[in-house]
Amino acid sequence: MKGFSNSGFFGRGLRVVGFVLFGLLIFGAVNFMQANVAAASSFGENEVEWRQLVGIIVPGSVVGTGTGKATGGGLPWHTSGGHAEVNLSNGSIRFDVDGLVLAAGNSIGTPDGVTSVKGTLVCDTTGVTGNSTLVDTPLVTLSAQGNANFRGSLGTLPAACTSQPNIAFLIRTGGGAWLASGMVRVTETDADHQ
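Keep in mind that this is a model prediction, so the values were computed, not measured.

Draft legend 1. Just the pattern of salt bridges, in detail. Enumeration according to the criterion identifies four salt bridges in this entry. Ionic pairing is found between Asp136 and Lys118, a salt bridge with its closest N-O pair at 3.4 Å. Of this pair, Asp136 sits in strand E9 (residues 133–136) while Lys118 sits in strand E8 (residues 116–123), and the two are 18 residues apart along the sequence. Given a relative accessible area of 31%, Asp136 falls into the partly exposed group. Each of Lys118, Asp136 and Arg172 takes part in salt bridges that share partners, so that together they form one network.

Draft legend 2. Representation of the confidence of the model for the protein in the model. With 74% of its residues at a pLDDT of at least 70, the protein reaches an overall mean of 83. Residue range residues 23–44 is modelled with pLDDT below 50. Its contacts to residues more than four positions away, or to other chains, number 13 contacts.

Draft legend 3. Spotlight on the nonpolar core. With 37 residues, the main nonpolar core has Leu100, Leu121 and Phe169 as its most contacted residues. When contributions to this core are tallied by element, the ones reaching two or more residues are strand E1 (47–55), strand E5 (81–87), strand E6 (92–98), E8, strand E11 (148–153), helix H2 (159–163), strand E12 (167–173) and strand E13 (178–187). Counting residues per element, this core draws most heavily on E12, which supplies five residues. With sequence-adjacent residues up to four places away left out, Leu121 is seen in contact with Trp50, Val86, Ile93, Thr133, Leu134, Val135, Leu154, Leu157, Ile167, Ala168 and Phe169.

Draft legend 4. Examining the side chain of Ser132 more closely. With respect to the secondary-structure elements, Ser132 resides in the loop between E8 and E9. By relative accessible area, Ser132 is classed as buried at 5%. Polar side-chain contacts of Ser132 include one of 2.8 Å to the backbone nitrogen of Thr65. Within the structure, Ser132 has its side chain in polar contact with the backbone oxygen of Thr125 (distance 3.4 Å).

Draft legend 5. Inspection of the state of the cysteines at higher detail. One pass over the full model with this rule turns up one disulfide. A sulfur-sulfur distance of 1.9 Å marks the disulfide that ties Cys123 to Cys161. Residues Cys123 and Cys161 are joined through a disulfide that is right-handed, its torsion about the S-S bond being 90°. Taken together, the positions of Cys123 in strand E8 and Cys161 in helix H2 put the pair 38 residues apart, joining distant regions of the chain. The same class applies to Cys123 and to Cys161, which are both buried.

Draft legend 6. The pairing of E8, seen in detail. Burial of E8 is extensive: seven of the eight residues sit out of reach of the surface. In this sheet, strand E10 (residues 140–141) lies alongside E8 in antiparallel orientation, the contact comprising two bridges. The residue bridging Val117 from the neighbouring strand is Val140, located in E10. Across seven bridges, the pairing between E8 and E12 is antiparallel. The residue of E12 that forms the bridge with Val117 is Thr173. The pairing of E8 with E9 spans four bridges and is antiparallel. For Cys123, the partnering residue across the bridge sits in E9 and is Thr133.

Rules used throughout
Throughout, residues of each chain are indexed from 1 in the direction in which the sequence is written. For this predicted model, a pLDDT threshold of at least 70 governs which residues receive local features, and a threshold of 80 or more governs which side-chain atom pairs are given and counted, while totals over whole chains, interfaces and linings are taken from all residues. In computing side-chain properties, one takes all heavy atoms of the structure into account and sets aside hydrogens as well as water. By convention in these notes, a salt bridge is any Lys or Arg side-chain nitrogen within 4 Å of a carboxyl oxygen on Asp or Glu. Here a helix means four or more residues in a row that DSSP labels H or I, a strand means two or more in a row labelled E, and each is numbered from the N terminus. With a 1.4 Å probe rolled over the protein chains alone, any residue whose accessible area is under 20% of its type maximum counts as buried; one over 50% counts as exposed, and the rest are partly exposed. Summary of the metric used: pLDDT quantifies the predictor's per-residue confidence within the range 0 to 100. Note on contacts: a residue pair qualifies if any of its non-hydrogen atoms lie within 4.5 Å across the two residues. Residue types Ala, Val, Leu, Ile, Met, Phe, Trp, Tyr and Cys, when buried and joined through side-chain atoms within 4.5 Å, form a set referred to as a nonpolar core. Each polar contact in these results corresponds to two N or O atoms within 3.5 Å; when the atoms are within protein, one needs to be able to donate a hydrogen and the other to accept it, and residues that are neighboring in sequence are counted only if both atoms are side-chain atoms. Criterion for a disulfide: a pair of cysteine sulfur atoms within 2.5 Å. Pairing between strands is defined by DSSP: at least two bridges between the two strands are required.

Following this line, the structure appears as structure tokens:
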């Protein structure tokens, strides 16, 4: 019986397996890169996002230190949704809050005469640099149902916002009382690991 060469057959088989494995490796790398590109935000590398906005639970609570502290409103507030994002490198910011209404008192379920709010970054909340720094958006209309949104830029942010890891986002009245805060804070780096 004329035998076939095992080494020839085996060698061709290894080459085929090698090409298949190489193709799978390339396919996997391309899909991984596409998934990361799709997940990246339009804000870029220095983005901080708060995936929820939650009404103040304990009235009068303080966020920040020294001259840069913000004090909460006198009653609990509730939200039905919202989020906020800021790009620390260029100051682009956006937020949406839905259903920002009182959670107690005789006007429960309404904004109780609050007709405008602003978004506030509280930078260096622990006061490492001495005092926290507050950076506000312009006031925007709060609807009778408690809805408000803002898209814009804060310009160049103070160093406390870009050099310190402790940063918070608040929704405040024109007078400065905070009614809601950003929760579930993530950075683009955190999002890349999910």
